[in-house]
Amino acid sequence: MHHINARDLLPDGLVKELQRYIQGGYLYVPIDPAQQKHWGEASGYRQELQQRNRQILEEYRQGASIDGLAQRYCLSESAIRKIVYG
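Residue indices follow the written sequence of each chain, beginning from 1 at its first position. For a predicted model such as this one, the threshold for reporting local features is a pLDDT of at least 70, and the threshold for listing and counting side-chain atom pairs is 80 or more; totals across whole chains, interfaces and linings nevertheless cover every residue. With hydrogens and water excluded, all non-hydrogen atoms of the structure serve as input to the side-chain values.

Just to check I follow, could you spell out the overall build of the protein for this structure?
Regarding its fold elements, the protein presents five helices and zero strands. Ordering the α and β elements of the protein from the N terminus gives α-α-α-α-α. Expressed as lengths along the three principal axes of its C-alpha atoms, the size of the protein is roughly 65 × 20 × 20 Å. Contacts are residue-level and defined by heavy atoms, with any inter-residue pair within 4.5 Å sufficient. Within the protein, residue pairs in contact and separated by at least 24 positions form 21% of the contacts whose partners lie at least 6 positions apart. Element-wise, carbon and sulfur atoms account for 50% of the exposed surface of the protein, whose accessible area totals about 7,600 Å². Looking at charge distribution, the protein has the averaged site of its 11 positive side-chain charges lying 3 Å from that of its 10 negative ones. Starting at the N terminus, helices and strands are each numbered in turn, a helix being any DSSP run of H or I of at least four residues and a strand any DSSP run of E of at least two. Here the open area of atoms and residues is found with the Shrake-Rupley method and a 1.4 Å probe, where only the protein chains shown may cover a residue. The charge count treats Lys and Arg as positive and Asp and Glu as negative. His and the chain ends do not count. To locate a charge, the coordinates of NZ of Lys, CZ of Arg, CG of Asp or CD of Glu are taken.

Below, the structure written as structure tokens:
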């Protein structure tokens, strides 16, 4: 999280109104729940993991072993089982 000077972002009237409540302190403005993204959505990592897991499942269905998949994808056998059985 980084800090932004309110004067650089907000209209003067709003800055003066905020100063009635807080002077020289920090104010956290939470994200609107309607605009909040889930983990990995902004970076695209969630989608990468889903694609990797589909590939693991496909390889398993084609006969790859749990142990072989664990070694290939650098995951534990338990993690591979969660992907193929879950």
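Quick question: what am I supposed to make of the pattern of salt bridges here?
Side chains that differ in sign of charge can pair as their charged atoms come close. Salt bridge, as used here, is a side-chain nitrogen of Lys or Arg placed within 4 Å of a carboxyl oxygen of Asp or Glu. A complete count under the given rule lists three salt bridges for this structure. The closest approach of N and O atoms between Glu59 and Arg72, which form a salt bridge, is 2.7 Å. Of this pair, Glu59 sits in helix 3 (residues 45-61) while Arg72 sits in helix 4 (residues 66-73), placing them 13 residues apart in sequence. Exposed residues in this analysis have more than 50% of their type's maximum accessible area, buried residues have under 20%, and partly exposed residues fall in between, with area computed by a 1.4 Å probe over protein chains only. In this structure Glu59 comes out as buried when scored by relative accessible area, which is 11%. A salt bridge links Glu77 to Arg81; the shortest N-O distance between them is 3.4 Å. Here Arg81 and Glu77 lie together in helix 5 (residues 77-85), a separation of four residues that amounts to about one turn.

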